[in-house]
Amino acid sequence: MSKVFVFKNYGGPEHQALIELPTADPGADEIAIQVKAAGVNPVDWKIREGLLGRHEAPPVPMGREASGIVTAVGEGVEDFVVGDEVLGLVAHGAGAFAEYTLLRADRTVAKPEEISFEDAAAIPVSGTAAYDATHQIELESGQTLLIVGAGGGVGRMAVQIGKVHNFKVLGVASAAKRELVESAGATFIESGDGLAERARQAAPDGVDLIVDLAGGDALRAVAPVAKDPSLILTLADGDTAREVGGSVVKRTDDSLGKITDVIKYGLVDPTVTSRYALAKAAQAIAEVEDGHAAGKVIVLP
């Protein structure tokens, strides 16, 4: 048996619970792991709310990214053996907020010894998102990248990637996250009322790429500073991005290995700022859902 954090009905956090489920055996192209750490992301509560559809019958295990130690491998898996330390995306029907879970072998990589289990748990969703968002449109050294939502786990990694490439990075976040944004190497722009004017002041000549992690009015406010609407990419709000002439970030298959290498060599820090025990997974999700998370939030079984 494994303790697993689930939601029992679609809707609010009142439907979440920590329950026990039989420990599943890996199917074809899956690996079973003992979870050492799991990353928390906005997609977790959006799935619970039914915002991405209601495809699974409750109880639905929560959490999409995890690191851990391989306990079994399924048919067709050749790259991993029992005892390997890995990080990856959970398999269909599995959840990361658990003592044991299943990962997709094709979305799993070996965990380098230079990366802790905690940092590794921030890579499969957040790290790959930051990598894809900053590489879809290739900028040159010295060009300007504006990130909306720069104070969260994905945003801070995106800032750091921008600095690795010597971009001029502007980071939009709440006042409480100013130090976090600036310490990553971005010029801070406070969100909220007056954002449009502050963005114009920070980039009077326009920006070469906008990466949006917030959506809504914040994206609408900064959209006019893009030199071309096609230079607006979002990971948060496709409808608003299309409304202002932008598009959704295209996800790639090789970003997991690439961003893992970048983090391995110390060029990007996942910046884990909050840690919760599995029994307090509800509080971890609430921190992300409320928008107060500064850096990356993880759950530790």
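Residues numbered from 1 in each chain as written. Predicted model: local features only at pLDDT ≥ 70, side-chain atom pairs only at ≥ 80, totals over all residues. Heavy atoms only, no water.

Student: In this structure, what is going on with the pairing of strand 7 (residues 100-110)? I would like to understand it.
Tutor: Across five bridges, strand 3 (residues 30-39) lies against strand 7 in antiparallel orientation. By the bridge assignment for strand 7, Ala-32 is matched with Leu-102. Pairing of strand 6 (residues 85-90) with strand 7 involves four bridges; the strand directions are antiparallel. Residue pairing across strands places Val-90 opposite Leu-103, the latter belonging to strand 7. (Pairing = 2+ DSSP bridges. Helix = DSSP H or I, 4+ residues; strand = E, 2+ residues; numbered from the N terminus.)

Student: Before we go on, may I ask you to explain the sheet that holds strand 11 (residues 209-212) in this structure?
Tutor: Strand order in the open sheet formed by six strands is 10-9-8-11-12-13, with parallel pairing between adjacent strands. The outermost strands of the open sheet, each flanked by one partner alone, are strand 10 (187-190) and strand 13 (247-248). Alignment of strand 12 (residues 232-234) against strand 13, held across two bridges, turns out to be parallel. Bridge pairing links Leu-233 to Ser-247 in strand 13. Lying over the sheet, helix 6 (residues 195-202) contacts strand 9 (168-173) and strand 10, oriented at roughly 155° with respect to strand 10. (Contact = heavy atoms within 4.5 Å. Axes fitted to C-alpha atoms, helices over the stretch in contact; angles between N-to-C directions.)

Student: Any chance you could explain the packing of helix 3 (residues 123-135) against helix 9 (residues 255-264) here in plain terms?
Tutor: Each pair of packed helices gets described by two things: the angle between the helix axes and the distance between those axes. Following both chains from N to C, one finds helix 3 and helix 9 inclined at 90°, their axes separated by 9 Å at the closest point. Regarding the angle of helix 3 to helix 9, the classification is roughly perpendicular. Residues Ile-123, Pro-124, Gly-127, Thr-128, Tyr-131 and Asp-132 of helix 3 lie in contact with helix 9, whose contacting residues are Ser-255, Leu-256, Lys-258, Ile-259, Thr-260 and Ile-263. Of the residues in the contact of helix 3 with helix 9, the class split is six nonpolar, four polar and two charged. (Parallel < 35°, antiparallel > 145°, perpendicular 65-115°, else oblique. Nonpolar A, V, L, I, M, F, W, Y, C, P; charged D, E, K, R; others polar.)

Student: Whenever I open this one, the sheet that holds strand 4 (residues 60-61) confuses me. Can you help?
Tutor: Whether parallel or antiparallel, the strands of a sheet pair through hydrogen bonds between backbone atoms. The three strands lie next to each other as 2-1-4, forming an open sheet whose pairing is antiparallel. Among the strands making up the open sheet, the edge pair consists of strand 2 (16-21) and strand 4. Pairing analysis gives two bridges linking strand 1 (residues 2-7) to strand 4, with the strands arranged antiparallel. Bridge pairing in strand 4 places Phe-7 opposite Val-60.

Student: What am I meant to see in the environment of Glu-113 here?
Tutor: Mapped onto the elements, Glu-113 comes out in the loop between strand 7 and helix 2 (117-120). Placed 35 residues apart in sequence, Glu-113 and Val-148 show a C-alpha to C-alpha distance of 32 Å.

Student: Can you help me understand the layout of surface pockets in this one?
Tutor: One water molecule sets the probe size; rolling that probe over the atoms shows where empty space is left. Its volume calculated, the second largest pocket comes out at about 420 Å³. In terms of lining, the second largest pocket is formed by 20 residues, of which the most central are Ile-47, Glu-56, Val-60, Arg-64 and His-92. Where the lining of the second largest pocket is concerned, the elements lending two or more residues are helix 1 (42-49) and strand 4. No other element matches helix 1, which puts four residues into the lining of the second largest pocket. Taken together, the residues of the lining of the second largest pocket break down into eleven nonpolar, five polar and four charged. (1 Å grid on protein atoms, 1.4 Å probe; cavity = no way out; pocket = protein on both sides within 12 Å on 5 of 7 lines; lining within 4 Å. Points joined across faces, edges and corners; volume = space filled by probe spheres on them.)

Student: Can you walk me through a nonpolar patch on the surface in this structure?
Tutor: Residues Val-164, Tyr-265 and Leu-267 make up a contiguous nonpolar surface patch of roughly 310 Å² in combined accessible area. Checked against the element boundaries, Val-164 lands in helix 4 (residues 153-164). Classification of Val-164 as partly exposed rests on a relative accessible area of 37%. (Patch = residues over 30% accessible without salt bridge, like charges linked within 9 Å, V, L, I, M, F, W, Y side chains within 5 Å. Areas by Shrake-Rupley, 256 points an atom, 1.4 Å probe, with all protein chains shown as cover. Salt bridge = Lys/Arg side-chain N within 4 Å of Asp/Glu carboxyl O. Buried < 20%, exposed > 50% of the residue type's maximum accessible area, 1.4 Å probe, protein only.)

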